[in-house]
Amino acid sequence: MMIHEQVIIGIDIGTTSTKAVVFGECGRVLASYAVDYPIIQPHPGFAEQDPEELFAAVIQAVGAVTIRHRIRPEQVKAIGLSAAMHSIMALDESGRPLTRLLIWADNRSVAQAERLLKENDGLDIYRRTGTPIHPMSPLPKLLWLKEKQPDVFRQARWFVSVKDYVLYRLYGDYIADHSLASATGLFRLDTLDWDEDVLSFLGISRERLPRLVPATYVLQGMKKEWADKMGVSADVPVVIGASDGVLANIGVGAVLPGEAAITIGTSGAVRTIAAAPTTDEKGRTFCYALTPGYWVVGGPTNNGGILLRWLRDEFGAQEREVAKKLGIDPYDLLTKYAERVAPGAEGLVFLPFLSGERAPYWNANARGTFFGLGLHHRREHLIRAVMEGVCFSIVSVALAIRDVTGPMTEIRVSGGFAKSPFWRQMLSDMLGKPLIVPQTHEASALGAAAVALHALGELPSLEMVKTWMDTTARHEPKEEHTLIYAELFDLYSRLYERLKEEFDIIAAFQRQGG
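Everything numeric in this text was worked out from a predicted model, so none of it was measured.

K.L.:
Before we move on, could you go through the sheet that holds strand β3 (residues 29–36) and cite the residues and values that matter?
P.N.:
Taken together, six strands build an open sheet; the order of strands is β3-β2-β1-β5-β14-β13 and the sheet is mixed. Because the sheet does not close on itself, it has two edges, and the strands there are β3 and β13 (218–219). Across six bridges, the pairing between strand β1 (residues 7–13) and strand β2 (residues 17–23) is antiparallel. Along β2, the bridge assignment pairs isoleucine 11 with alanine 20. On the sheet, helix α1 (residues 51–68) packs against β1, β2 and β3 and is oriented at approximately 145° with respect to β3.

K.L.:
Account for the pattern of salt bridges, naming residues and giving values.
P.N.:
Scanning all chains against the criterion turns up 33 salt bridges. The partner of glutamate 259 in a salt bridge is lysine 466, and the shortest N-O contact between them spans 3.0 Å. With glutamate 259 in strand β15 (residues 259–264) and lysine 466 in the loop between α16 (443–455) and β23 (471–475), this residue pair connects regions lying 207 residues apart in the sequence. You can call glutamate 259 buried: its relative accessible area is 8%.

K.L.:
Hey, could you go over unusual backbone geometry for me, with residue numbers and the actual values?
P.N.:
Of note, the bond from alanine 359 into proline 360 is cis; its omega dihedral lies within 30 degrees of zero at -10°. As for its placement among the helices and strands, proline 360 is situated in the loop between β19 (349–351) and β20 (369–371). A positive phi angle, near 55°, is found at leucine 192, a position not held by glycine. Its place among the elements puts leucine 192 in the loop between β10 (187–188) and β11 (193–194). One non-glycine residue with positive phi stands out, namely tryptophan 362, at about 50°.

K.L.:
Give a description of α1 that names residues and reports values.
P.N.:
With 18 residues, α1 should reach 26 Å at 1.5 Å per residue; the first-to-last C-alpha distance of 26 Å fits that figure. All buried positions along α1 are accounted for by Pro51, Leu54, Phe55, Ala57, Val58, Ile59, Ala61, Val62, Gly63, Ala64, Val65 and Thr66. Where α1 begins, one side-chain oxygen reaches toward the backbone nitrogen of glutamate 52, 2.8 Å away; that side chain belongs to aspartate 50. At the C-terminal side of α1, arginine 70 shows a positive phi close to 50°.

K.L.:
So what about the packing of aromatic side chains? Which residues, and what values?
P.N.:
In the structure shown here, the tally under the stated rule is 21 aromatic pairs. Ring geometry for phenylalanine 153 against phenylalanine 159: centres 5.4 Å apart, planes inclined by 35°, an arrangement best described as tilted. Like phenylalanine 153, the residue phenylalanine 159 is buried in the burial classification. Ring centres of tyrosine 496 and phenylalanine 503 lie 6.2 Å apart, and the angle between their planes is 40°; this geometry places the pair in the tilted category. Geometry around phenylalanine 153 places arginine 208 over its ring, the cationic atom sitting 5.3 Å from the centre.

K.L.:
Pulling in residues and values, what's your account of the pairing of strand β21 (residues 410–414)?
P.N.:
The side chains of a regular strand alternate between the sheet's two faces. Of all five residues making up β21, four are buried, and the element is well covered by its neighbours. Note: β15 against β21, five bridges, orientation parallel. By the bridge assignment, threonine 263 is partnered in β21 with serine 414.

Basis of the calculations
- Residue indices begin from 1 for each chain and proceed along its sequence in written order.
- Only residues with pLDDT of at least 70 are given local features in this predicted model, and only at 80 or more are side-chain atom pairs given and counted; all residues enter the totals for whole chains, interfaces and linings.
- Each side-chain value is derived from all of the structure's non-hydrogen atoms; neither hydrogens nor water enter the calculation.
- Between any two strands, pairing holds if DSSP finds at least two bridges.
- Helix and strand assignments follow DSSP, with helices taken as H or I runs no shorter than four residues and strands as E runs no shorter than two, numbered in order from the N terminus.
- Every residue pair with non-hydrogen atoms within 4.5 Å of one another is taken to be in contact.
- In this description, a line fitted to the C-alpha atoms serves as the axis of each element, helices being fitted only across the stretch in contact, and the angle between N-to-C directions of two axes falls anywhere from 0 to 180 degrees.
- Salt bridges are defined as contacts in which a side-chain nitrogen from Lys or Arg sits within 4 Å of a carboxyl oxygen from Asp or Glu.
- Exposed residues in this analysis have more than 50% of their type's maximum accessible area, buried residues have under 20%, and partly exposed residues fall in between, with area computed by a 1.4 Å probe over protein chains only.
- Expected span of a helix: the number of residues minus one, times 1.5 Å.
- Under this definition, polar contacts are N or O atom pairs within 3.5 Å; protein pairs additionally need one hydrogen-donor-capable and one acceptor-capable atom, and for neighbouring residues in sequence, both atoms have to be side-chain atoms.
- Only centres within 6.5 Å qualify two rings of Phe, Tyr or Trp (six-membered ring in Trp) as a pair; their planes then separate them into stacked at under 30 degrees, edge-to-face at over 60, and tilted for everything else.
- Whether a charge sits over a ring comes down to the Lys NZ or Arg CZ being within 6 Å of the ring centre and within 35 degrees of the ring normal.

Here it is in structure tokens:
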């Protein structure tokens, strides 16, 4: 297919793939291409990626989409960038990586995070920076690097995120947007600058970090080698954009205070907009910058669709074979099995903490638990309980956000789970609120494209994105299901509190190789 109109390309550098999405007028998706890459886990608790693979994925994704759809360089009005939060890596003086990219799922710095909370007034750091103290955050990761690999820490000239590294390769400059910087634990919300107290504590000067710029910052003059491989002009305006989480709010049209976006992809998140920086006295929620007057308050969960992938890969050989014969997606078959079971999975509750947990507990030691398992439970009960457990974790975050910002007036959903009417209805029932499903499933890339247009002056207000949105589905909660889930959510919350100390014990046992 040849595309003839002027386009915006949104690049979304995610956890498991990078997508290049081509948008036409009013956010219409014209084409897309994704390049997958692995997570490297050399030791328990480690989660790394090869920065060269991610950079190559950006070049390949854009190049493939422009070539396949015969988009000429002069048709590309701008490129907007989105990237996953909390990544960090060390570079030497010449920009060569000294480490792999440590991503959000990396939990190696558990001890450093616990020490920051107990000994270094971590709650005060959170209130200044908006990033909860947790191993996901670059702050404890850098402390781990300083303590465990001091030679690398000393040799490092630069500490950068994945987006910072991609931009360095494209332009030879070290810059970071306010949004991704506000997810590091090193950035003050009130001054939009690096936090000197935190840097002093780490022993890092600001000269070892990228220069800070707003999300609407425009770069031009890309290195010709990369522009040619991507099929774009070296002078195409590239708008630095923001993090994938905050851009997803724009991409689903949740752009006003009280409007919430819920995303369940590999992991999950609940986010709403605030007019000013807002933190939680209990430290349960994050607060990240977007553009002036737009702050995103929310909480991420570690365990979303990755749990269905775990079920499929480890226990779903039978489903994979059946799905192959029927010519359907194995996930659809897993969902059909879950649909056979009534809400509550006949008294089976699942704590979905296979990767530890972030919001609202911020507990890297939390572990997955089936509770109430009996001989009457079959395969489909476990599948349903896992899906319900993911939704319970989302509800726990939504309640924490409500305490901080007030009631949610509208909830919009996106991510892989949004393709499943069954899973969407389950979440609506649990929340006891209607859910709106906007047309796009590429929320972060669309948000990046919208910020790019905003930076060029072609979209006067980000709120105008709402006019681009068509609603593909709406779910109303079923009261009888809401009552069942309210009872089980109380049990879910009590189970977590009672198992906290036991989680610490089993996590320590696992880390010792037991």
